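Take a look at the letters that make up each chain.
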Amino acid sequence: MLVSLVLALVLVYMVLASQYESFKAPVVVMFSVPLAAIGVLVILFVTGSTLNLQSGIGCILLGGIVVNNAILLVDQAGQLYRNDFPDVQLAVLEAGRRRLRPILMTTLTTILALLPLALGIGEGADAQAPLARAVIGGLLASTLITLFLIPVVYVLLHPGPQSKGQL
């Protein structure tokens, strides 16, 4: 399972690096992935679930879902900085304002869709509940922390004004 998780993260990084044509932008996006582990461990502890095969599959699934929010934020900040805002901090603030609603909507729809499974409602839901719990916990933690951390990391790793728009 650990090899699968690492392979999934490497593949996500490679896709992001080819999409952004940069090595720095995917690093900013990938900062959101370890934050999901905090939520996974907390929710598994609170619900009394174990870290088993199902929750491990949920962690692999989470590796792909979590980067989505950071991609929305980084992509919007990059576009605003290149086109509209001369200051990277102002661009990141505006990107956060513009992308807050889409980020919260995608997170809430995923959580609400997994909630019956996490509560064990339905046939066979008991076996799949740790997967849903892991995804819900990781998504909650990463979304809340990502909204604050990704803009900070973006500003810190962004190049100076002499190479504007290269991130």
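Reading guide: rules and limits
- All residue numbers here refer to positions counted from 1 along the written sequence of the relevant chain.
- With pLDDT at 70 or above as the cut-off, local features in this predicted model cover only qualifying residues; side-chain atom pairs require 80 or more to be listed or tallied, and sums for whole chains, interfaces and linings still use all residues.
- For side-chain calculations, the full set of non-hydrogen atoms in the structure is used, while hydrogens and water are omitted.
- The helix and strand labels rest on DSSP assignments: H or I over at least four residues marks a helix, E over at least two residues marks a strand, and numbering proceeds from the N terminus.
- In this scheme, a residue with accessible area under 20% of its type's maximum is buried, one over 50% is exposed, and one in between is partly exposed, where area comes from a 1.4 Å probe on protein chains only.
- To form a nonpolar core, buried Ala, Val, Leu, Ile, Met, Phe, Trp, Tyr and Cys residues must be joined to one another through side-chain atoms within 4.5 Å.
- Contact between two residues is taken to exist if any of their heavy atoms lie within 4.5 Å; hydrogens are not considered.
- The axes used here are C-alpha line fits, helices contributing only the stretch in contact, and every angle between their N-to-C directions lies in the interval 0 to 180 degrees.
- Should an angle lie under 35 degrees it is considered roughly parallel, over 145 roughly antiparallel, and from 65 to 115 roughly perpendicular; all remaining angles are considered oblique.
- When the near helix sits turned anticlockwise from the far one by under a right angle, the crossing is termed left-handed; a clockwise turn instead gives a right-handed crossing.
- Nonpolar residues are Ala, Val, Leu, Ile, Met, Phe, Trp, Tyr, Cys and Pro. Charged residues are Asp, Glu, Lys and Arg, and all others, Gly as well, are polar.
- pLDDT gives the predictor's per-residue confidence on a scale running from 0 to 100.

### Let's talk about unusual backbone geometry
The phi dihedral of Glu21 falls on the positive side, at around 55°, and the residue is not glycine. Along the polypeptide, Glu21 turns up in the loop between α1 (2–20) and α2 (24–30). On the basis of relative accessibility, which here comes to 73%, the residue Glu21 falls in the exposed class.

### Observations regarding the nonpolar core
Counting 24 residues, the largest nonpolar core has Leu16, Tyr20, Val29, Val67, Val74 and Tyr154 as the members making the most contacts within it. Elements with a minimum of two residues in this core: α1, α2, α4 (53–83), α5 (88–118) and α6 (125–157). A total of eight residues in this core trace back to one element, the largest contributor, which is α4. In this structure, Val74 is in contact with Tyr20, Val28, Val29, Ile150 and Tyr154, ignoring residues within four places of it in sequence.

### Focus: the packing of α1 against α4
Following both chains from N to C, one finds α1 and α4 inclined at 25°, their axes separated by 9 Å at the closest point. As far as their axial angle goes, α4 and α1 are roughly parallel. Here the hand of the crossing between α1 and α4 comes out right-handed. Of α4, the residues touching α1 (which contributes Ser4, Leu5, Ala8, Leu9, Val12, Leu16 and Tyr20) are Cys59, Ile60, Gly63, Val67, Ile71, Val74 and Asp75. Residues belonging to the contact of α1 with α4 are distributed by class as follows: eleven nonpolar, two polar and one charged.

### As for the confidence of the model for the protein chain
Chain-level statistics for the protein chain give a pLDDT mean of 87 and a share of 95% at 70 or above. Here α2 is the element of the protein chain with the lowest mean pLDDT, 87, and α5 is the one with the highest, 93. In this model residues 162–167 is a low-confidence stretch, pLDDT under 50, and it forms 13 contacts with partners more than four residues away in sequence or in other chains.

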